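What follows is each chain in one-letter form.
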Amino acid sequence: MDSSASLALYQRVTRKNTIPRAVEFIILFLLLSLLAYRLLSLQDHGFPWFLAFLCESWFAFNWVLTISIKWTQADYKTYPEHLLQWKLELPPVDMFVTTADPVLEPPILTVNTVLSLLAVDYPADKLACYVSDDAGSPLTFYSLVEASKFAKLWVPFCKKYCIEVRAPFRYFSGESLPSKHVSPEFQQEWKKMKDGYEELSRKIEDATKRAMPFELTGEFADFSSIQRKNHATIIKVIWENKEGVANGVPHLIYISREKRPKHPHHFKAGAMNVLTRVSGLMSNAPFMMNVDCDMYINNPKIFLHAMCLLLGAKNKETDFAYVQSPQCFYDGLKDDPFGNQLVVLYEYIGYGIVGIQGPLYGGTGCFHRRKVIYGLSPDEEIKEKLSNQALQKTFGGSMPFTKSAAQILSSMKPGSPRDLLSALEAAKEVAGCSYEYGTQWGREVGWIYGSTTEDVLTGLTIQGRGWKSAFCSPNPPAFLGCAPSGGPAIMTQQKRWATGLLEILFTRKNPLIPALQRKLQFRQCLAYLWIILWALWSIPELCYAILPAYCILTGSHFLPKVGETAFFIAAAIFIIYNLYALSEYLRAGLSARAWWNNQRMWTINTTTAYLFGTFSVVLKILGISDTVFEVTQKEQSTNEGDDDHANTGRLTFDRSPIFVAGTTILLVNLTALAVGLFGLGFGSVAQGGDGLGTGEFIGSVWVVLLFWAFFKGLFGKGKYGIPSTTLYKSGALAALFVHFSRWTSMG
Ligand SMILES: O=c1ccn([C@@H]2O[C@H](COP(=O)(O)OP(=O)(O)O[C@H]3O[C@H](CO)[C@@H](O)[C@H](O)[C@H]3O)[C@@H](O)[C@H]2O)c(=O)[nH]1
Ligand SMILES: [Mn+2]
């Protein structure tokens with residue numbers, strides 16, 4: 001290894017950001033000036049002024065967090081070509097895929113993800129792929145069985161011709177035969193693959209259409225008469241790479257854990273813990289990587305890139321606990337009309353966090369060290385107490401499993417691989433729904449329970465023990481997934497994120513605790529705070545969206561008037577902040593339109609989905625209802641289906657109360673503008689008020705522009721229109737608000 005000293009496996013690079021830092025400070029200075037001015041003139045103004053002060057205090061607090069997060073942006077460069085020189089033996093990796101609903105998550109997507117994993121550039125005898133199916137669906141199982149047959153053609157084909165994209169639905173979606181390889185041999189094989197894949201998708205589609213796709217006998221007998229939320233464990237070894245062939249097809253195992261109505265299953269976190277234990281019994285690889293069912297591997301070299309970071313540390317202190325790749329999406333609509341492609345979020349906030357203690361765990365596209373998941377801290381060389389009793393207290397009563405865990409924690413070389421089937425009985429035991437009772441699973445070990453964003457909570461638990469993490473963003477992007485594209489699906493996802501993140505504040509894993517113990521770096525703690533407080537943006541954003549209208553209706557003011565010097569401060573913040581935000585998009589190579597789309601979707605999400613997210617956390621704290629993980633709808637391709645092209649990117653609606661909030665905000669502001677423009681203001685000059693304020697007027701117009709998607713929804717048809725019941729409810733709420741304003745202005 002000595003000769004390789006010069007050939008680093010990775011390099012940390014810092015990004016230069018002097019000018020943005022300066023602009024950020026100017027904005028902070030202006031914000032603080034405005035706050036000071038408000039405070040000094042509090043007596044001369046009414047309640048709106050004070051409310052604005054509170055909202056702006058929130059904005060300023062978050063701005064400080066933002067500056068801290070973006071301060072030292074960094075990235076990692078990886079050199080997989082140096083791995084060979086290091087003459088290391090590549091370690092085994094267990095690969096996990098989770099799926100939970102064959103309708104919301106079509107099995108053909110899962111199949112493609114699995115095929116891309118099986119075909120990755122890594123010795124096949126070092127890999128095992130485990131699929132967790134929380135729906136216990138025979139259709140998913142059937143699809144995987146069929147896929148494993150196709151994999152025997154697909155995997156060698158990909159490796160032989162160095163195919164770039166190894167998810168067949170993407171590979172074959174392009175034009176016809178690629179012209180690069182013209183060898184007749186390739187042409188012939190390509191044709192064979194295409195036919196093979198078409199047959200596979202046809203079989204799956206046929207099975208989907210039939211009510212009972214096939215006789216539930218033989219292999220399928222376990223699925224007969226099962227209920228989704230009430231069934232025994234099903235584990236099937238679909239394919240075993242018995243001879244351990246390095247260029248064969250990796251193991252493929254199907255798991256549907258036991259579910260019983262009275263036992264909490266902890267959604268995805270619960271599924272991940274079952275995957276961890278079952279794989280521990282079967283292959284027990286020291287590394288585990290996981291993806292959502294829609295996140296296929298887009299860069300077949302990603303395992304090698306990740307290994308550079310996981311194996312390349314100079315000493316144990318600089319070891320990374322996990323290596324995270326960014327979430328990127330396929331078929332992204334032009335200019336990001338739904339503001340959910342997350343590009344700019346990763347570009348500045350993301351790389352900022354990378355530069356502190358390392359990226360947060362994002363739930364998918366991540367490589368974990370198994371021993372870290374088992375609770376090891378960076379300063380522990382090996383776990384001290386390896387007594388059987390201690391192990392069982394932590395990991396549960398399965399002897400074979402505690403043995404496997406002891407191997408991992410003591411870095412013992414695992415014994416020679418057994419055949420997978422011999423582990424089946426023990427595997428069923430650890431997949432049972434009461435196995436975790438009285439253990440540390442979900443508390444200190446594995447994926448942590450108590451939040452619908454189990455990913456951030458789990459990453460926080462790991463970093464809270466002092467671990468660093470690394471970011472791996474090779475080109476082309478390592479993983480591509482499917483971003484939700486309709487209004488209801490987006491709102492469901494945003495609400496769940498806001499809920500889950502806020503929940504973390506109220507768990508035992510609150511980031512302040514490890515920060516006080518100096519395990520979590522102070523600025524990393526600020527980064528966690530910034531993200532877990534997202535839901536609370538709903539309140540100041542809502543106030544700020546309503547205040548202009550309220551002031552117009554009542555002839556009062558929440559912004560400085562044109563004559564006041566402070567007017568320039570407010571105007572400067574508005575202009576400089578927006579230009580700064582715009583420049584972030586332009587520097588990231590995105591368009592001004594993308595900036596605007598993200599801007600308006602942020603306002604829509606915060607005032608609607610995040611508001612409901614905040615409610616659900618309040619309800620949970622009050623013990624009224626628990627939070628649930630609602631799975632997002634995934635589509636194979638966004639430009640398929642019955643949609644006409646004119647409507648791509650247009651927001652869709654349903655009867656969800658989430659849309660009532662947005663519609664009400666729009667109606668209130670439209671009313672205010674009408675009242676203000678036609679001089680009907682209850683506090684207009686004639687009635688002794690101050691007249692229509694410029695700031696308030698601009699504010700109200702800005703809100704209407706931000707909610708333009710809702711404005712179009714007022715006149716849209718079908719799913720593009722706001723349902724009439726939603727309209728009635730919002731109309732009533734808006735009328736109530738107008739009356740309330742009038743009442744307060746008369747008082
Ligand atoms: O009870 C459940 C619910 C969900 N899932 C799986 O969890 C994954 C993520 O679900 P999805 O509906 O796609 O949620 P997203 O909001 O798109 O997921 C993002 O956010 C989640 C946390 O909120 C993370 O877990 C994900 O990795 C991250 O991609 C999918 O593979 C699901 O099959 C389960 O296995 N069991
Ligand atoms: Mn998803």
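Here the structure is a predicted model, which means the values were calculated and not measured. (Residues numbered from 1 in each chain as written. Chains lettered and ligands numbered in written order. Predicted model: local features only at pLDDT ≥ 70, side-chain atom pairs only at ≥ 80, totals over all residues.)

Undergrad: An account of helix α1 (residues 18-40) is requested, with residue identities and associated values reported.
TA: Taking 1.5 Å of rise per residue, 23 residues should cover 33 Å, and α1 covers 33 Å from first to last C-alpha, within 8% of that figure. Those residues of α1 that fall on the buried side of the exposure criterion are Ile 27, Leu 30, Leu 31, Leu 34 and Arg 38. Tucked into the core, α1 has its buried residues touching α2 (47-70) and α20 (566-587). (Helix = DSSP H or I, 4+ residues; strand = E, 2+ residues; numbered from the N terminus. Expected span 1.5 Å × (residues − 1). Buried ≥ 20, exposed ≤ 12 C-beta atoms within 10 Å, placed from the backbone. Contact = placed C-beta atoms within 7 Å.)

Undergrad: Which residues make up the sheet that holds strand β8 (residues 296-297), and what values do they have?
TA: Taking strand neighbours across the sheet as the criterion, the three strands line up as β8-β13-β10 in an open arrangement whose pairing is mixed. Across the chains shown, the open sheet's two edge strands, defined by having one partner strand only, are β8 and β10 (328-329). Relative to strand β13 (residues 479-481), β8 is paired through two bridges, and the arrangement is antiparallel. Each bridged residue has a counterpart across the sheet, and for Tyr 296 the counterpart in β13 is Leu 480. (Pairing = 2+ DSSP bridges.)

Undergrad: Can you break down the UniProt feature "binding site: Mn(2+)" (unreviewed entry) in the protein chain residue by residue, with the values?
TA: Residues annotated in UniProt with the feature "binding site: Mn(2+)" (unreviewed entry) correspond here to Lys 268 and Asp 292. Taken along the chain, the residues just named run across 25 residues; in space they keep tight, none of their C-alpha pairs more than 9.8 Å apart. Note on placement: Lys 268 falls in helix α8 (residues 267-282). Setting aside chain neighbours within four positions, we find Lys 268 in contact with Thr 98, Glu 454 and Phe 629. (UniProt positions renumbered as here; feature names shortened; annotations may be inferred.)

Undergrad: Before we move on, can you summarise the sheet that holds strand β11 (residues 366-369) with the specific residues and values?
TA: Read from one edge to the other, the open sheet built from eight strands follows the order β5-β6-β4-β3-β7-β11-β9-β12, with strand pairing classed as mixed. With partners counted over all chains shown, the strands left at the sheet margins are β5 (234-239) and β12 (468-471), one partner each. Strand-to-strand twist across the sheet, computed as the mean angle between neighbouring axes with direction ignored, equals 20°. In this sheet, β11 lies alongside strand β7 (residues 287-292) in antiparallel orientation, the contact comprising four bridges. For Met 288, the partnering residue across the bridge sits in β11 and is His 368. (Axes fitted to C-alpha atoms, helices over the stretch in contact; angles between N-to-C directions.)

Undergrad: Account for the packing of α2 against helix α18 (residues 522-532), with residues named and values stated.
TA: α18 packs onto α2 with a crossing angle of 130° between their chain directions and a minimal axis gap of 9 Å. Relative to α18, the element α2 lies oblique. Crossing geometry of α2 relative to α18 is assigned as left-handed. Contacts between α2 and α18 involve Asn 62, Leu 65, Thr 66, Ser 68 and Ile 69 from the first element and Arg 523, Leu 526, Ala 527, Leu 529 and Trp 530 from the second. Class assignment for the residues of the contact of α2 with α18 results in six nonpolar, three polar and one charged. (Parallel < 35°, antiparallel > 145°, perpendicular 65-115°, else oblique. Left-handed = near helix turned anticlockwise from the far one by under 90°. Nonpolar A, V, L, I, M, F, W, Y, C, P; charged D, E, K, R; others polar.)

Undergrad: How would you sum up the nonpolar core? Please name residues and give values.
TA: The biggest cluster of nonpolar side chains holds 195 residues, and the ones touching the most others in it are Cys 129 and Val 278. Of the residues that make up this core, three or more belong to each of domain 1 (18-71 + 531-626 + 656-746) and domain 2 (82-483). Filtering out sequence-adjacent residues up to four positions away, Val 278 remains in contact with Tyr 130, Ile 235, Ile 255, Ala 427, Val 430 and Ala 431. Counting residues in hydrophobic clusters, the runner-up holds six residues, among them Val 344, Tyr 585, Trp 595 and Trp 596. (Core = buried A, V, L, I, M, F, W, Y, C linked by C-beta atoms within 7 Å. Domains from an automatic or database assignment.)

Undergrad: Talk me through the pairing of β12; I want residue IDs and the actual numbers.
TA: Taking every second residue as pointing to the same face, both faces of β12 are buried, with Lys 468 and Ala 470 on one and Ser 469 and Phe 471 on the other. Relative to β12, strand β9 (residues 320-324) is paired through three bridges, and the arrangement is parallel. Across the sheet, residue Phe 320 finds its bridge partner in β12, namely Lys 468.

Undergrad: Help me get a handle on the domain arrangement of the protein chain, residues and values and all.
TA: Along its sequence, the protein chain is organised into domain 1 (18-71 + 531-626 + 656-746) and domain 2 (82-483). Measuring from the centre of the C-alpha atoms in domain 1 to the corresponding centre in domain 2 gives 42 Å. In this complex, domain 1 contributes 15 residues to the contact, which on the side of domain 2 involves 13 residues. Mapped by element, the contributors of at least two residues to the side of domain 1 that touches domain 2 are α2, α20 and α21 (592-607). Among the elements that take part in the side of domain 1 that touches domain 2, α21 stands out by supplying six residues, more than any other.

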